[in-house]
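Structural characterization, general
What follows is the residue order along each chain.
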2 protein chains.
Amino acid sequence: MTDGARDVAEGPTPAIVLVRPQMGENIGAAARAMLNFGLDRMRLVAPRDGWPNRPRWRWPRARAGCWTGQACSTISARRLPIATTSSRPPPAAASLAKPVLSPERAMEQARALAAAGKKVAVMFGPERAGLENDDIARANAIVTVPVNPEFFSLNLAQSVLLMAYEWRRQGGDVAHEVLANTDFASGIEVEKLADHWERELDRVGFFFPETKAAGMKRVLRNMWTRLGPTKSDVARFHGMLRQLLRDRG
Amino acid sequence: MTDGARDVAEGPTPAIVLVRPQMGENIGAAARAMLNFGLDRMRLVAPRDGWPNRPRWRWPRARAGCWTGQACSTISARRLPIATTSSRPPPAAASLAKPVLSPERAMEQARALAAAGKKVAVMFGPERAGLENDDIARANAIVTVPVNPEFFSLNLAQSVLLMAYEWRRQGGDVAHEVLANTDFASGIEVEKLADHWERELDRVGFFFPETKAAGMKRVLRNMWTRLGPTKSDVARFHGMLRQLLRDRG
């Protein structure tokens, strides 16, 4: 479990730049996608219909915090642009000799740049056509998502989501594994449990034949440790055994 | 660039299990999301309206390859289930003492299980409510996506997309960085370029005053190497210099 997506990166977070986006609905979906992972700077370059209509397209509300967005005619020269392309690098990549990065590597580099105080822009093209060669020529690198070549259906918001997820994933504060509310039994508790079961099972003739009894006990004792029971589990196993004996009378 | 999402994992890929999904449209979107990253086994547990209507909900077509899908009443006991929850582990996590994993760690474990020949199921709850405690009780682990606690808007298809992306990202065949079609100049070519520029700049009196000339030359020579030019770049720099000299007459 993580405490959430508060960004601990040093330096500025990347701006998500939508180049010539068409539909307000898609811009809203892209905005929600990036905010899921704490990216809160959106720039629209020459949006077809201007800055989108807030209530209509489920535009993120004020609770999104320090959300900033603006429409502009070109990408800010103060940001280092990274171009995202659908599945394969476009022809421009070949002639322009740009590095083609996975989302993982691209966000690694973006984090390194941010840590050095640089501002990064991640560019996304219009919904259908994608970025044009002139857009790509301005970018420092090209990102392609490693999609299935036989089935490709990422939309604009999903592309933004994946890049924002990658940014977030690489944050140092993501907890990878937490065992929720677990209070494991101590070694002594597990040993006492093993003793209890061994004693009672011995009494009912479980360890038979006698030549195999020592081995069977060792296997059983090992099992209790291997199971890694919680304190509650240990209490439960004691209780179940007592109840079974009581029932037998 | 990658050759695509052909899965090189040993063993079976995880099944995406939608538990009590409501809308055919969302099931179709989830199906497309997973196929983007080469996951091609979907199971619907007790879908409200049965198996979805193919043409209506942009259902993946045959070109998706070995796509399999089926509706069933319970999760197959032959698969090890992992439960995904929206943002925070549900109350059940606390009482059931299950590990809560990041998507990254969950897919690491899924790959390890697959490599050992085990079948994994990644469970997603109904669109609004999410998985119920009874569903979660059957799971080996709980996955939560590290979203922004102040802004959370992942839908079913986006959750499926992120898990499928994580599975794919960890595939051994994802290329992280390729410099498209780049033919770097050899050391000798760069050295000849440096010689050419130094010679001509010397002739026009660039290295002035004489006491600083050696240092200036060293900095310049270092620059050519550092730039890492391609063969085309080297030809271009030779050509530009020649043209400048020609123009001067």
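Here is a short report on the structure shown in this document.

Parameters and conventions
Residues numbered from 1 in each chain as written. Chains lettered and ligands numbered in written order. Predicted model: local features only at pLDDT ≥ 70, side-chain atom pairs only at ≥ 80, totals over all residues. Heavy atoms only, no water. Helix = DSSP H or I, 4+ residues; strand = E, 2+ residues; numbered from the N terminus. Buried < 20%, exposed > 50% of the residue type's maximum accessible area, 1.4 Å probe, protein only. Areas by Shrake-Rupley, 256 points an atom, 1.4 Å probe, with all protein chains shown as cover. Axes fitted to C-alpha atoms, helices over the stretch in contact; angles between N-to-C directions. Left-handed = near helix turned anticlockwise from the far one by under 90°. Contact = heavy atoms within 4.5 Å. Expected span 1.5 Å × (residues − 1). Salt bridge = Lys/Arg side-chain N within 4 Å of Asp/Glu carboxyl O. Phe/Tyr/Trp six-rings, centres within 6.5 Å; stacked < 30°, edge-to-face > 60°. Parallel < 35°, antiparallel > 145°, perpendicular 65-115°, else oblique. Core = buried A, V, L, I, M, F, W, Y, C linked by side-chain atoms within 4.5 Å. Polar contact = N/O pair within 3.5 Å; in protein donor to acceptor, adjacent residues only side chain to side chain.

This next bit is on the overall build of chain A. Helix and strand counts for chain A come out as eight helices and eight strands. Residues classed as buried in chain A amount to 47% of the 249 residues present. As presented, chain A carries roughly 12600 Å² of accessible surface, and 51% of it is formed by carbon and sulfur atoms.

Moving on, we come to the packing of helix H6 (residues 187-203) of chain A against helix H7 (residues 210-227) of chain A. Residues and elements named next belong to chain A. Two numbers describe how H6 lies on H7: the axes approach to 9 Å, and their chain directions differ by 145°. Considering only the axes of H6 and H7, their crossing is right-handed. Facing H6, whose interface residues are Val190, Glu191, Leu193, Ala194, Asp195, Trp197, Glu198, Leu201 and Asp202, H7 presents Lys217, Leu220, Arg221, Trp224 and Thr225.

It is worth spelling out unusual backbone geometry at this point. Residue and element names in this part refer to chain A. Phe208 connects to Pro209 through a cis peptide bond whose omega is 0°. Look at Arg20: it is not a glycine, yet its phi comes out positive at around 50°. The partly exposed category is assigned to Arg20, whose relative accessible area is 24%. The phi dihedral of Ala46 falls on the positive side, at around 50°, and the residue is not glycine. With respect to the secondary-structure elements, Ala46 resides in the loop between strand S2 (41-45) and strand S3 (68-72).

Residue and element names in this part refer to chain A. End to end, H7 covers 26 Å across 18 residues, agreeing with the expected 26 Å (1.5 Å per residue, within 8%). Taken residue by residue, H7 has Ala213, Leu220 and Trp224 as its buried positions. Just past H7, the residue Gly228 takes up positive phi, approximately 55°.

In this section: the pattern of salt bridges. Here the structure, examined in full by the defined rule, presents 30 salt bridges over all chains. The salt bridge involving Glu104 of chain A is made with Arg169 of chain B; its shortest N-O contact spans 3.1 Å. Taken together, the residues Glu104 of chain A in helix H3 (residues 103-115) and Arg169 of chain B in helix H5 (residues 156-169) connect one chain to another. Considered together, Glu104 of chain A and Arg169 of chain B belong to a single accessibility category, that of buried residues. The closest approach of N and O atoms between Asp202 of chain B and Lys217 of chain B, which form a salt bridge, is 3.0 Å. Placement of the pair is Asp202 of chain B in helix H6 (residues 187-203) and Lys217 of chain B in helix H7 (residues 210-227), with a sequence separation of 15 residues. Exposure remark for Asp202 of chain B: the relative accessible area of 40% places this residue in the partly exposed category. By sharing partners, the salt bridges in this structure join Glu104, Glu166 and Arg169 of chain A together with Glu104, Glu166 and Arg169 of chain B into a single network.

In an α-helix, one full turn covers 3.6 residues, which means residues spaced three or four apart are oriented alike. Residues and elements named next belong to chain B. The end-to-end C-alpha distance of H6 is 24 Å, a good match for the 24 Å that 17 residues give at a rise of 1.5 Å each. Inspection of H6 places Val190, Leu193, Ala194, His196, Trp197, Glu198, Glu200 and Leu201 among the buried residues, and these make up the whole buried set. In the stretch just after H6, Gly205 is the one whose phi turns positive, near 80°.

This part covers the environment of Lys118 of chain A. Residue and element names in this part refer to chain A. Turning to its location among the elements, Lys118 is positioned in the loop between H3 and strand S6 (119-124). Separated by 39 residues in the primary sequence, Lys118 and Arg79 have C-alpha atoms spaced 7.3 Å apart. Residues in contact with Lys118, not counting those within four places in the same chain, are Pro12, Leu80 and Leu113.

Residue and element names in this part refer to chain A. Per the counting criterion, the structure on display carries 11 aromatic pairs over all chains. Ring plane angle 55° and centroid distance 5.4 Å describe the contact between Trp197 and Trp224, whose orientation is recorded as tilted. Here Trp197 is found in helix H6, whereas its partner Trp224 is found in helix H7, with 27 residues between them in sequence. Both residues of the pair, Trp197 and Trp224, belong to the buried class.

Residue and element names in this part refer to chain A. Close contact between H3 and helix H5 (residues 156-169) brings their axes to 9 Å; oriented N to C, the two are set at 55°. When the axes of H3 and H5 are compared, the pair comes out oblique. Remark: the crossing between H3 and H5 carries right-handed chirality. When H3 is examined against H5, the residues Pro103, Glu104, Ala106, Met107, Ala110, Arg111 and Ala114 are found in contact with a partner set consisting of Met163, Glu166, Trp167, Arg168 and Arg169.

All names here are of chain A. Along the chain, Met123 turns up in strand S6. Under the relative-accessibility criterion, Met123 is labelled buried at 1%. The spacing of Met123 and Pro14 is 109 residues in sequence and 10 Å in space, taken between C-alpha atoms.

Moving on, we come to the nonpolar core. If you look at the biggest cluster of nonpolar residues, it comprises 66 residues, and the most contacted ones within it are Leu18 and Val160 of chain A together with Leu18 and Val160 of chain B. Beyond its immediate chain neighbours, meaning those up to four positions away, Val160 of chain A contacts Ile16, Leu18, Ala30, Ala33, Met34 and Phe124 of chain A.

Our focus in this paragraph is the side chain of Asn36 of chain A. Residues and elements named next belong to chain A. Relative to the assigned elements, Asn36 resides in helix H1 (residues 24-36). Note on Asn36: relative accessible area 0%, which makes it buried. A distance of 3.1 Å separates a polar atom in the side chain of Asn36 from the backbone oxygen of Arg32.

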